[in-house]
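# Survey of secondary and tertiary structure
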Amino acid sequence: MLNQKIKILLAEDDLNLGMLLVDYLETEGFDVKLCRDGELALKAFDAHTFDLCLLDVMMPKLDGFAVAKSIRLKDKKIPLIFITAKSLKADKLKGYGLGADDYITKPFDEEELVWKIKAVIRRVPKTKTDTKAELILIGKYSFDFSNQSLSIGGKTKRITEKESDILNYLCAHKNTVIKREELLKNLWGENDYFFGRSLDVFITKIRKYLKEDPTLSIENVFAVGFIFNVPA
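Residues numbered from 1 in each chain as written. Predicted model: local features only at pLDDT ≥ 70, side-chain atom pairs only at ≥ 80, totals over all residues. Heavy atoms only, no water.

## Some words on unusual backbone geometry
Note that the residue after Lys106, namely Pro107, is joined by a cis bond; omega there is -10°. Looking at the element boundaries, Pro107 is found in the loop between strand S5 (102–105) and helix H5 (110–129). In this structure, Lys61 takes a positive phi of about 70° despite not being glycine. The residue Lys61 is located in the loop between strand S3 (52–56) and helix H3 (64–74) in this model. Its identity is not glycine, yet Ala223 carries a phi of approximately 65°, on the positive side. (Helix = DSSP H or I, 4+ residues; strand = E, 2+ residues; numbered from the N terminus.)

Written out as structure tokens, the structure is:
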């Protein structure tokens, strides 16, 4: 049982599964609101405060991916976990690309879901307490972690929360070898194949954001990880 109730938005069109999950999660100490389609889920999200969202992918009116995209426009921090029958790699990568924190495939064990929820919730305060209000100078760039922005030559680019978390970690460990598994566990909580693929996508994007300063580079270290090379 949790000492403090976590409020969960559960979007699931299968009523039997939805009620089963509500009953189980509530016995584990969570406060759960069930919505049976994507539109109702977004209305509930706008009307109430939640700590985490569990989103089925295949839903009427709006699917889970569309719901996640809308939620991320309104709240960049709230954890998202997809619940779906889809196990295709492309679907999982799409989910992580939309900012999902985890992904569980039907059929699943309820205890596994609870473990994932608690693991994701534990990671949320870590990223918040690691934030820094001051600007970080990276070569010719100014990086504002709390506002998720990169500036150079009077131009400012807003980046995503996960991109900001990754860049902040790279800055904290600049000019040293960062093990891939270490980076994954610190930012996603586990060393997982799909998180790894998402990390590669984010690293590629960050390289593009930093391309206006040729003295900066994120170097791949074969079979180990990365080095963020920043001039002294």
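## Describing the pairing of strand S1 (residues 7–11)
Within S1, four of the five residues are buried, leaving the element largely enclosed by the surrounding structure. By the bridge criterion, five bridges tie S1 to strand S2 (residues 31–35) in an arrangement that is parallel. By the bridge assignment, Ala11 is partnered in S2 with Cys35. Taken together, S1, helix H1 (residues 15–27) and S2 constitute a β-α-β crossover, and its handedness is right-handed. One ladder, built from four bridges, connects S1 with S3; its direction is parallel. Residue pairing across strands places Ala11 opposite Leu55, the latter belonging to S3. (Buried < 20%, exposed > 50% of the residue type's maximum accessible area, 1.4 Å probe, protein only. Pairing = 2+ DSSP bridges. Right-handed = clockwise from strand over helix to strand, strands pointing away.)

That's the geometry; what it means functionally is another story.
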